[in-house]
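Residues per chain, in single letters:
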Amino acid sequence: MPKMQLISILTAVTLLSACGNTTSDRALSGAGIGAGVGAVGSAVVGGPVLGAAIVGGAVGAAAGGLTNKDQIDLGKPIWK
């Protein structure tokens, strides 16, 4: 993987790292973080990037959607 592509992916993951206060905020940011981590992890080991991004996004969205504010609260999301 080219160095610039890796930097771009890591930057995107960092920008999506705010979880939020509502269930939908946490599900949305969880999906973004999960997709980014899945894609980067798969690219590093040489697996299917798109498939890993889809699975990571689904797992992240489920984790964010199934938690409440007391369990995970990293502050106000960047899109608000």
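Calculation rules
- Each chain has its residues counted from 1, following the order in which its sequence is written.
- Local features in this predicted model are restricted to residues of pLDDT 70 or higher, and side-chain atom pairs are both shown and tallied only at a pLDDT of 80 or more, whereas totals for entire chains, interfaces and linings draw on every residue.
- For the side-chain quantities, the full set of heavy atoms in the structure was used; hydrogens and water were omitted.
- The helix and strand labels rest on DSSP assignments: H or I over at least four residues marks a helix, E over at least two residues marks a strand, and numbering proceeds from the N terminus.
- Here, expected helix span is obtained from the residue count minus one, scaled by 1.5 Å.
- Type-normalised accessible area, obtained with a 1.4 Å probe on protein chains alone, sets the label of each residue: buried when under 20%, exposed when over 50%, and partly exposed for intermediate values.
- Our arc is simply the arc of the directions from the helix axis toward the C-beta atoms.
- Whether two residues are in contact is decided by their heavy atoms: any pair within 4.5 Å suffices.

Peer 1: Requested: an account of helix 3 (residues 49-65), with residues and values cited.
Peer 2: When the terminal C-alpha atoms of helix 3 are compared, their 24 Å separation across 17 residues agrees well with the 24 Å that a helix rising 1.5 Å per residue should span. Those residues of helix 3 that sit buried are Ala-53, Gly-56, Gly-57, Gly-60 and Gly-64. All buried residues of helix 3 project into a common sector of 105° when viewed along the axis, lining one side. Every exposed residue of helix 3 that faces more than 90 degrees away from the buried side is listed here: Ile-54, Val-55 and Val-59. Against helix 2 (23-45) lie the buried residues of helix 3.

Peer 1: Could you give an account of the environment of Gly-51, with specific residues and numbers?
Peer 2: Along the chain, the position of Gly-51 falls in helix 3. For the pair Gly-51 and Ala-35, spaced 16 residues apart in sequence, the C-alpha separation works out to 9.4 Å.

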